[in-house]
Each structure stands twice: as C-alpha cells, then as structure tokens.
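Close look at the chain arrangement
Here are the chains, one letter per residue:
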Amino acid sequence: MFIILISCQNDRIKGNWGKCNPDGSYWNYTLTDSLLVLAVEKPNPFIEVYNVKYINEGIIISDAKQTAIHLMTNPDTLKILSILSDSLKLQSTQTGDQFELSEADFKLEPIDFNYYKSWKKKSLLRFNEYATRVDCATLEDNVPSLSLDEFEEEIEMYLHNIQ
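Let me begin by describing the structure that accompanies this report. Keep in mind that this is a model prediction, so the values were computed, not measured.

Before going further, it helps to spend a moment on the nonpolar core. In terms of nonpolar packing, the biggest core is built from 19 residues, with Ile13, Leu31, Leu36, Ile59 and Leu88 touching the most fellow members. Sorting the residues of this core by element identifies β2 (26–31), β3 (35–40), β4 (46–54), β5 (58–63), β6 (76–83) and β7 (87–92) as the ones contributing at least two each. Ranked by size, the runner-up nonpolar core spans 16 residues in total, among them Ala39, Val49, Leu124 and Phe127.

Topologically, Asn16 is positioned in strand β1 (residues 15–20). Of the residues examined, Asn16 reaches a relative accessible area of 11% and is grouped as buried. At a separation of 3.2 Å, a polar atom in the side chain of Asn16 contacts the main-chain carbonyl oxygen of Phe106. If we skip the residues at most four places from it in the chain, Asn16 touches Asn28, Tyr29, Thr30, Ser102, Glu103, Ala104, Phe106 and Lys107.

Here the structure, examined in full by the defined rule, presents six aromatic pairs. Between Phe113 and Tyr116, the aromatic rings sit 5.6 Å apart at their centres with planes inclined by 15°, giving stacked as the arrangement. Given the relative accessible area of 40%, Phe113 is considered partly exposed. According to the relative accessible area criterion, Tyr116 is buried, its value standing at 12%. Measuring from centroid to centroid gives 6.0 Å for Tyr116 and Trp119, while their planes differ by 15°, and the two rings are stacked. Of the two residues, Tyr116 and Trp119 both sit in helix α2 (residues 116–134), three residues apart, roughly one turn of that helix. Cation over ring: Lys14 sits above Tyr54, and NZ or CZ is 5.1 Å from the ring centre.

Another aspect to go through is the state of the cysteines. Chemically, a disulfide is nothing more than a covalent bond linking the sulfur atoms of two cysteines. Within this structure, the stated rule accounts for one disulfide. With its sulfur 1.9 Å from that of its partner, Cys20 forms a disulfide with Cys136. The sign of the S-S torsion, about -70°, decides the handedness of the disulfide formed by Cys20 and Cys136: left-handed. Here Cys136 lies in the loop between α2 and α3 (137–141) and Cys20 lies in strand β1, a separation of 116 residues in the sequence. On the basis of relative accessibility, which here comes to 30%, the residue Cys20 falls in the partly exposed class.

Calculation notes
Residues numbered from 1 in each chain as written. Predicted model: local features only at pLDDT ≥ 70, side-chain atom pairs only at ≥ 80, totals over all residues. Heavy atoms only, no water. Core = buried A, V, L, I, M, F, W, Y, C linked by side-chain atoms within 4.5 Å. Buried < 20%, exposed > 50% of the residue type's maximum accessible area, 1.4 Å probe, protein only. Helix = DSSP H or I, 4+ residues; strand = E, 2+ residues; numbered from the N terminus. Polar contact = N/O pair within 3.5 Å; in protein donor to acceptor, adjacent residues only side chain to side chain. Contact = heavy atoms within 4.5 Å. Phe/Tyr/Trp six-rings, centres within 6.5 Å; stacked < 30°, edge-to-face > 60°. Lys NZ or Arg CZ within 6 Å of the ring centre and 35° of its normal. Disulfide = S-S within 2.5 Å.

This is how it looks when you write it as structure tokens:
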C-alpha cells in the first residue's frame, strides 16, 4: 500500500510547473520519468536538462551528461512539502531554499538527443515566447507597500513624548 501511495505522489509531480521570481523573470520546470528540463527567461535565457530520480521524500536532481550549466549542489534532493492540484512546494535539503511552483501549460517537444543543440535552440525560442505571455513583471507591481503617511501622527507623538 505504501508503494502505491508513493507512486501516485510521484506521478502528481511529473508535468509542467512554472515560477515567477521577484525580479519579474519566469522559470519553467518540466518533470518527466527521468529528466528535469529547466527553462529560464532572464537575465541570461537558457534551457537545460538534468537527471531526476524519484524517492520517498521527493526527488534527486543531478547533472546529466548533456548538462552545460551545472547545478550548484550536485546532486540536490528536493523534499516535497506539499502537492495540490495546481501547485507544488519543494525544499532543497542542501540549501534550505523553498520553491513554490504553479501548474503551467508550456509543453516542450520531446528531446532529440541526436540533434540536441538544434532542439535546445528551438525549445528556447518557444519558451521565450511563452514566458513573455506569462508577464511576471505585473506581479512585482502588485506587491503591497506600506505607506508611512498613515503613521505620521503616531510617529510625531511618540517623538514628542520622548523629549
């Protein structure tokens, strides 16, 4: 029974996930049975392939033979914190960083390892078009800010009482 539950959990992780970053950039994570394809919009757009191994607590990500941009911690284990129908929350056991990903509808063509450079180039162009439509920059604009004008009187009163 435990093996069936783990298998279902891993099946729920597989798919396309996206993340808007505080700088307004968009990252896409495509998880398959054995690979993670990471596509990054900016500051330096790239698309890269990593190995994936599913374990009870989460996934182990490691550099693949074709990987040009290597992981900072190789391998890294990402612990599953939560899985919902439209979101996935992971935590790196190496750095403690947490990743909250949302379901994404970006689909990659199957990887053609015979023409890998050509596949990467075409896939990155498709990803960049998709990332532009996601428009993560609007998230930065929607971050609530605190206006100190509302507290001006309280601050003055506090300072007045000190003197």
